[in-house]
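# Understanding the architecture of this molecule
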Amino acid sequence: VVNVILVDFRGFDTLGEIVVVALAMLAAASLLGRTPAKLGTGEPVFASSLLLEGLKPLVWLLLGASLLLLWRGHNLPGGGFIGGLTAAAGCVLLVLMHGPASAERLLRLRPRTLMGIGLAVALLAASLGLLGGGAFFQAHWLWLGELPLGTPLLFDLGVYLCVFGASLHLFQRLTAEEHAA
């Protein structure tokens, strides 16, 4: 009960934080001066095939761990913020291993689009309580057998997508600068 109360009150704080993260990443990326190149440009950073093969499991471990952190975040340590950062670290490693085209193939969406979707999902999750005449951020739950799915997880998914997209957007701009120089 204490955890749910704390998480629900912190929801307002987290919603504000992801808006600030998205705006700060967009502003920081714009300071780099150039428009982001498509991720399909550039070459891998690591030339060692031994290192490349050794890092493959780490990429998938990071991406899997990010989903685990997202899933367990409402009742245990973790959540969308750290899950999104972990997923971004996996994608950065993927780009370093196989070049920027690899991340583009994996994502299929531009990082700024992920940020927007994340903000929209978080705001939707927070607003669903209002539909039933309840309060903003009032949680709603759906049970699939023994599996509880609720608006807090949907909110965390929005945070995950926003942080993931914001981190990759800035990384994309940094690599665009490097390849343009």
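First, a word on what this report is: a plain description of the structure on this page. As the structure is a computational prediction, the values presented were derived from the model and not from experiment. (Residues numbered from 1 in each chain as written. Predicted model: local features only at pLDDT ≥ 70, side-chain atom pairs only at ≥ 80, totals over all residues. Heavy atoms only, no water.)

Per the secondary structure count, the protein includes six helices and two strands. Shown N-terminal to C-terminal, the secondary structure of the protein runs as helices and strands in the order α-α-α-α-α-β-β-α. A burial count over the protein gives 36% of its 181 residues as buried. Of the contacts made within the protein by residues no fewer than 6 positions apart, 78% connect residues no fewer than 24 positions apart. For the protein, the computed accessible surface area is about 10000 Å², with 70% contributed by carbon and sulfur atoms. (Helix = DSSP H or I, 4+ residues; strand = E, 2+ residues; numbered from the N terminus. Buried < 20%, exposed > 50% of the residue type's maximum accessible area, 1.4 Å probe, protein only. Contact = heavy atoms within 4.5 Å. Areas by Shrake-Rupley, 256 points an atom, 1.4 Å probe, with all protein chains shown as cover.)

Along a regular strand, successive side chains alternate from one face of the sheet to the other. Here strand β1 (residues 141-144) pairs with strand β2 (residues 147-150) via four bridges, running antiparallel. When the bridges of β2 are listed, L142 appears paired with L149. What sits between β1 and β2 in their antiparallel hairpin is a turn of two residues, with G145 showing a positive phi close to 70°. (Pairing = 2+ DSSP bridges.)

For L119, the position within the fold is in helix α5 (residues 111-131). Separated by 100 residues in sequence, L119 and V19 place their C-alpha atoms 7.2 Å apart.

Relative to each other, helix α2 (residues 49-72) and helix α3 (residues 80-98) sit at 160°, their axes nearing to 8 Å. Comparing the axis directions of α2 and α3 gives the class roughly antiparallel. Considering how the two elements wind past one another, α2 and α3 form a crossing that is left-handed. Where α2 abuts α3, its residues L52, L55, K56, L58, V59, L62, L63, A65, S66, L69 and L70 lie against G80, I82, G83, T86, A87, A89, G90, C91, L93, L94, M97 and H98. Classifying every residue of the contact of α2 with α3 by side-chain character gives 16 nonpolar, six polar and one charged. (Axes fitted to C-alpha atoms, helices over the stretch in contact; angles between N-to-C directions. Parallel < 35°, antiparallel > 145°, perpendicular 65-115°, else oblique. Left-handed = near helix turned anticlockwise from the far one by under 90°. Nonpolar A, V, L, I, M, F, W, Y, C, P; charged D, E, K, R; others polar.)

On to unusual backbone geometry. Even without being glycine, R108 reaches a positive phi, approximately 65°. Along the chain, the position of R108 falls in the loop between α4 (100-107) and α5. For F137, which is not glycine, the phi dihedral falls at a positive 75°. Take F137: it is sitting in the loop between α5 and β1. For F137, a relative accessible area of 12% gives the class buried.

With that settled, the discussion passes to the packing of aromatic side chains. Any pair of aromatic rings gets described here by the distance separating the centres and the angle formed by the planes. The full count for this structure, using the stated rule, is three aromatic pairs. When the ring of F136 is compared with that of F137, the centres are 5.0 Å apart and the planes differ by 80°; the resulting orientation is edge-to-face. Of the aromatic side chains, those joined through ring pairs into one cluster are F136, F137 and F155. (Phe/Tyr/Trp six-rings, centres within 6.5 Å; stacked < 30°, edge-to-face > 60°.)

Quick look at the nonpolar core now. The biggest cluster of nonpolar side chains holds 17 residues, and the ones touching the most others in it are V59, M97, F164 and L168. Among the elements of the structure, α2, α3 and α6 (151-180) are those that each provide at least two residues to this core. The contacts of L168, once residues within four sequence positions are left out, are A88, C91, L107 and P111. L15, M115, A126 and V163 belong to the second largest nonpolar core, which has 14 residues in total. (Core = buried A, V, L, I, M, F, W, Y, C linked by side-chain atoms within 4.5 Å.)

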